[in-house]
Amino acid sequence: MLTRICVLVSGGGTNLQALIDAQKDGIIKSGEISLVISNNPDAYALERAQKAGIQTAVVNKKECSSQAEFEQKLVDVLTENKIDLIILAGFMCILSENFTSRYPKRIINVHPSLIPSFCGKGFYGLHVHEAALSYGVKVTGATVHFVNEIPDGGEIILQKAVEIEEGDTPETLQRRVMENAEWKILPRAAEIVSKEMAMRKEEE
Ligand code: GAR
């Protein structure tokens, strides 16, 4: 039985696109992207999902009166859709322990640096690349890891290094890290974890 995957997004969704393409190309073969949830109703990622014929949902954090209400709404949609694996792909909301403890080893995240560098609270999107450039590191990259109660602190699944080039700006570096690292390791990690979960489902 295929692992049912939900991808959580907030913005452009290039990582979601990499997952959709990987499913089409057979790189992801043990799971199927069954649902895409965005916290942002205007996320372009929603259009990418719709174009690929994937069901979408919006859980707008701004319309929730608390973190607990936001997370309960997410749990409701995930449960309704019998989701096995949650992939955070450019999802810009922190999830509390109340949420993450419900899904041990069932949530993965892609982060645009080599953890444990430039990660944790405040390190997201372009800020990560600004920090790497201002520190002066010569190598950065991306990490896919399990999500637990510590922001960017869960077990590492895959990492890939990317060299900094002279004249890099946060934008050029972000693009190279996405192309050379994130879009490659996220689909591979999705398959590794989906395969393990699919095998476990069959044993049950
Ligand atoms: C990606 O670089 C992703 O790694 C990063 O935001 C970008 C989203 O792009 N995520 C984080 O910083 C999470 N801590 P996308 O919407 O085009 O996939």
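Right above here is the structure, for reference.
In this report, we go over the structure that sits alongside the text. (Residues numbered from 1 in each chain as written. Predicted model: local features only at pLDDT ≥ 70, side-chain atom pairs only at ≥ 80, totals over all residues. Heavy atoms only, no water.)

1. Some thoughts on the overall build of the protein
For clarity, the threshold we go by: Secondary structure elements are defined from DSSP: runs of H or I of at least 4 residues count as helices, runs of E of at least 2 residues count as strands, and each element is numbered from the N terminus. Our radius of gyration looks at C-alpha atoms and nothing else; its globule reference is 2.2 Å times the residue count to the power 0.38. Each residue is placed in one exposure class: buried if its accessible area under a 1.4 Å probe, protein chains only, is under 20% of its type's maximum, exposed if it is over 50%, and partly exposed if it falls in between. For this analysis, residues touch if any pair of their heavy atoms sits within 4.5 Å. Where accessible areas are quoted, they stem from the Shrake-Rupley method and a 1.4 Å probe; at the residue level, only the protein chains shown are allowed to cover. Under the counting rule used here, the positive set is Lys and Arg, the negative set is Asp and Glu, and His together with the chain ends is not counted. By convention, the point assigned to a charge is CZ for Arg, NZ for Lys, CD for Glu and CG for Asp.
Tallying secondary structure elements over the protein gives 6 helices and 7 strands in all. Counted from the first residue to the last, the protein has its helices and strands arranged as β-α-β-α-β-α-β-α-β-α-β-β-α. Relative to its length of 204 residues, the protein is compact, with a C-alpha radius of gyration of 16 Å against a globular reference of 17 Å. The principal-axis extents of the C-alpha atoms in the protein amount to approximately 50 × 40 × 30 Å. Looking at the 204 residues of the protein, the share that counts as buried comes to 49%. Considering only residue pairs separated by 6 or more positions, the protein has 66% of its internal contacts joining residues 24 or more positions apart. Accessible surface, the protein as shown: approximately 10200 Å² in total, 51% of it carbon and sulfur. Here the protein holds 22 positive side-chain charges and 28 negative ones, and the gap between their average locations is 2 Å.

2. Some details on the site of the ligand
Inclusion rule: Definition of nearness: a residue and a molecule or strand are near each other if at least one heavy atom of the residue lies within 4 Å of the molecule or strand. Polar contacts here mean pairs of N or O atoms no more than 3.5 Å apart (in protein, one a potential hydrogen donor and the other a potential acceptor; neighbouring residues in sequence count only if both atoms are side-chain atoms). Note on residue categories: nonpolar means Ala, Val, Leu, Ile, Met, Phe, Trp, Tyr, Cys or Pro, charged means Asp, Glu, Lys or Arg, and polar means any other residue, Gly included.
Taken together, 14 residues sit near the ligand, with Gly13, Thr14, Asn15, Gly125 and Glu182 positioned nearest. Within the side chain of glutamate 182, an N or O atom sits 2.6 Å from an oxygen atom of the ligand. Listing elements by their share of the shell around the ligand, those giving two or more residues are helix H1 (14-24), strand S5 (107-111) and helix H6 (170-203). Its residues assigned to classes, the shell around the ligand comprises 6 nonpolar, 7 polar and 1 charged.

3. Some thoughts on unusual backbone geometry
With an omega of 20°, the peptide bond between isoleucine 115 and proline 116 qualifies as cis. Assignment of secondary structure puts proline 116 in the loop between S5 and helix H5 (126-135). Look at lysine 105: it is not a glycine, yet its phi comes out positive at around 55°. Within the fold, lysine 105 resides in the loop between helix H4 (97-100) and S5. One non-glycine residue, phenylalanine 118, adopts positive backbone phi at about 50°. Looking at the element boundaries, phenylalanine 118 is found in the loop between S5 and H5. Note on phenylalanine 118: relative accessible area 15%, which makes it buried.

4. Structural notes on the sheet that holds strand S4 (residues 85-88)
Strand pairing within a sheet occurs via backbone hydrogen bonds; the two strands may be parallel or antiparallel. Put simply, the test is: Whether two strands pair comes down to DSSP finding at least two bridges between them. A fitted line through C-alpha atoms represents every axis, and for helices the fit uses only the stretch in contact; the resulting angles, taken between N-to-C directions, go from 0 to 180 degrees.
Taken together, the 7 strands give an open sheet; going across it, the order is S3-S2-S1-S4-S5-S6-S7, and neighbouring strands pair in mixed fashion. Taken across any chain shown, the strands that pair with only one partner, and hence form the sheet edges, are strand S3 (55-58) and strand S7 (156-163). Strand-to-strand twist in this sheet, taken as the mean axis angle between neighbours without regard to direction, amounts to 20°. The pairing of strand S1 (residues 3-9) with strand S2 (residues 31-38) spans 7 bridges and is classified as parallel. Opposite arginine 4, over in S2, you have glutamate 32 as the bridge partner. Against the sheet, H1 engages S1, S2, S4 and S5, with an angle of about 160° to S2.

Read these as layout, nothing more, since geometry by itself doesn't imply function.
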